[in-house]
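Coordinate analysis (summary)
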Amino acid sequence: MPDRTLEIDDVSKRYGDVVALDSVSFDVRPGELFGFVGSNGAGKTTAMRIALGVVSMDSGEVRFDGQAVTHETRTRIGYMPEERGLYPKMKVLDQLVYLAQLHGMTANEAHRSAETWIGRLELTERRTDEVQKLSLGNQQRVQLAAALVHDPAVLVLDEPFSGLDPIAVDVMSDVLREKAAAGVPVIFSSHQLDLVERLCDRIGIIRSGRIVACGTVADLTAGAATRLTVTAPEAPPGWAAGIPGVRVLSESGGDTVVELAAEAGDQAVLTAALATGPVHEFSRHRPSLTQLFRSAVGEGATQ
Amino acid sequence: MNGPGNPTRSVRPATAVRLVAQRELNTRLRTRGFLIGTAVILVVMVGYLLLQASLISNADRTTVGLTGQAAAVAEPVRENAKQLGVDVEVVRVGDQQDGRSQVESGDLDVLVSGNAANLRALVKSDLDQQVHALLNEISRQEVLNAKLVEVGADPAEVMGEVAAAQVQVNSLEPADPEEGQRVVIAMVMMFLLYMSIATYGSLVAQGIVEEKASRVVEILLSTVRPWHLLLGKVIGLGLVGLTQLFVLGAAGLAMASATGVLTVSGVATKTLLWGLLWYLLGFFLYATVFAGAGSLVSRQEDMQTVLAPITIVLIVGFVTGIAVLQMPDSTTTTVLSLLPPLSPILMPSRIATGAAGLPEIAAALVLTLATIAALTWLGGRVYHTAVLRTGTRIRLKDALRG
């Protein structure tokens, strides 16, 4: 699969007896925002570190643009590690210029690019301050700039949203969307599932080193059961229990939440509800990514 | 600016090493800390030099206090001392009691009283042999003069003839009048070398721990190979140290020559040049060992523990060095100065004192270079495996196994 796709192909990694990654495969296509979710210790960080060559893999291959990623091509990846890291005593501008040059830019290009990102991420007033003197939020912005300053062809970001204030979250989201729109494959991990759901084109869920689900949010939720919330104040308890294909999840006051089996119709529920008296709310919602994540990760836990 | 996905862009190894080295130079040389540090060392060094100079000149001086009738022998004491080459300072003391307390306090080495023919000397514990002989000579002279007058001879004439009779001395190895200065130069050079290697070696370790502690190393290693990062760091810091050593050496030399403390600027310049070479060798010998040790820990607080063994070797070298200066051409000294971990500190001072011959210097150079190669390989290997492992301290055995 050439054409600037980042492919993680059958990658495995063990630490002693612990299997960190077990034949992990997925790809991130150009122009795509790929969300990588999983519980702590599931293997997200290990997978990203392997893509960057910071950790060696036991087997498998990481490819970009149809070619195995080597030390030479790795300079084209923009990386934000989970453990944030910059030289605490180096000035913001110097630091960005240095990192850009280490990724192969000339001094002039590096300066221009560093200034561009400093302006873009609203760090202009802080450009000659030492990183350690910056607020945590501003340090995060510098960290993002460090991942972007060499104009990377691939972006790999480990928890880019953690610790950001809402405004910085918006800035970060815009930047990621913009990079994706420019044809860069972008992969990031996050625990903020609502954000992942809103932002990402596709999502991969990893559990204990294995990919358990991968696809668009619509794909992943299509097969899952639909939920209905019905507000019928006069309905007697247990009113919905007899409807075929319906499972009552909760019943309190006049609010009832039911889950429909795939083949069951929502109209039968509405009819039954109306039969009990007035209906103030009748809403249908697809399961959120959070629910999907809970069931994907939870299933494993009970196995 | 290259568009995203420009496939041609990559960093050549030489460029990566140069960039890393340049960063070290920029961040270290430009700081106020470096300038202040260099100035402080310079002041300490000059102070040490002056102290040494005054200690050396005061060590052999005997202060003789004369009281009562003995005051008459002041001139003969001075003259005889000059003839014998003994450094004597003569002072007059008001009375016996005052002189006694001065001897007790150490202000006076000896208090002389009584008349010329019958001198009495008061000392704290024992009297310097040469001064003893000198005082005896004066008493005898006095008695002899009296006897000569008794027999009707002219004391001045007789003594003139006596004084003319002297032993003629031919020496096989003439004493080097510059020896004192050479020893001082050697000592200063040794101190500078010890300090530079220890300081910049630990800066290598500190820099690596800083990168590990701040996690920036993960970003760096996603684009630079560990070897390049290590090499760039070592070269960069080595150059900073070389600059400092050169500034200190040149400034010290200029000052010492200007104030007249040194009259052998040829020897001093040669020593400085040898010193710079041995600094480079010593630094590269220790730098990768420091680097490997530093990469074993992730916090500055843990650093001293892993660096202690290396620092101890350096201190042993320095302490041995002080002994070496006492007898720069003994066999023990020669052997010690050929041991690679000690050579960079000991050899330059032996060269400065003029004790080391060319074959010895060549042997030390070859041995040191071979050790540098071996230790660089070893230190680099430890660094390579340990640098990305954060958390608890890594055991050396695990790091070597890879």
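Anyway, here's the lowdown on the structure attached to this text. No experiment lies behind these values; they were computed from the predicted model shown.

Right, let's talk about a nonpolar patch on the surface for a bit. Residues and elements named next belong to chain B. A cluster of nonpolar residues, W377, L378, L396 and L400, forms a patch on the protein surface that exposes about 380 Å² of accessible area. Elements that contribute at least two residues to the nonpolar patch include exactly α14 (358-386) and α15 (396-401). You can see L400 is positioned in helix α15. What makes L400 partly exposed here is its relative accessible area of 30%.

All names here are of chain A. Overall, antiparallel pairing links the 4 strands, which are arranged β12-β13-β11-β14 in an open sheet. The open sheet has two free edges, formed respectively by β12 (246-252) and β14 (281-285), since each of these has just one partner strand. The mean angle between the axes of side-by-side strands here comes to 15°, regardless of whether they run parallel or antiparallel.

Right, let's talk about the interface of chain B and chain A for a bit. Each side of the interface is counted separately: chain B has 27 residues, and chain A has 34 residues. Between chain B and chain A, the buried area comes to about 3,200 Å², and carbon and sulfur atoms account for 58% of it. The tally of links from chain B across to chain A stands at 2 salt bridges. For the interface between chain B and chain A, the tally reads 6 residue pairs in polar contact (both at pLDDT 80 or more). Looking at the side of chain B that touches chain A, the elements with two or more residues in it are α1 (13-29), α7 (179-213) and α8 (216-221) of chain B. Grouping the amino acids of the side of chain B that touches chain A by side-chain chemistry returns 12 nonpolar, 8 polar and 7 charged.

The rules we used
- Residues numbered from 1 in each chain as written.
- Chains lettered and ligands numbered in written order.
- Predicted model: local features only at pLDDT ≥ 70, side-chain atom pairs only at ≥ 80, totals over all residues.
- Heavy atoms only, no water.
- Patch = residues over 30% accessible without salt bridge, like charges linked within 9 Å, V, L, I, M, F, W, Y side chains within 5 Å.
- Areas by Shrake-Rupley, 256 points an atom, 1.4 Å probe, with all protein chains shown as cover.
- Salt bridge = Lys/Arg side-chain N within 4 Å of Asp/Glu carboxyl O.
- Helix = DSSP H or I, 4+ residues; strand = E, 2+ residues; numbered from the N terminus.
- Buried < 20%, exposed > 50% of the residue type's maximum accessible area, 1.4 Å probe, protein only.
- Pairing = 2+ DSSP bridges.
- Axes fitted to C-alpha atoms, helices over the stretch in contact; angles between N-to-C directions.
- Contact = heavy atoms within 4.5 Å.
- Buried area = accessible area lost by both parts, 1.4 Å probe.
- Polar contact = N/O pair within 3.5 Å; in protein donor to acceptor, adjacent residues only side chain to side chain.
- Nonpolar A, V, L, I, M, F, W, Y, C, P; charged D, E, K, R; others polar.

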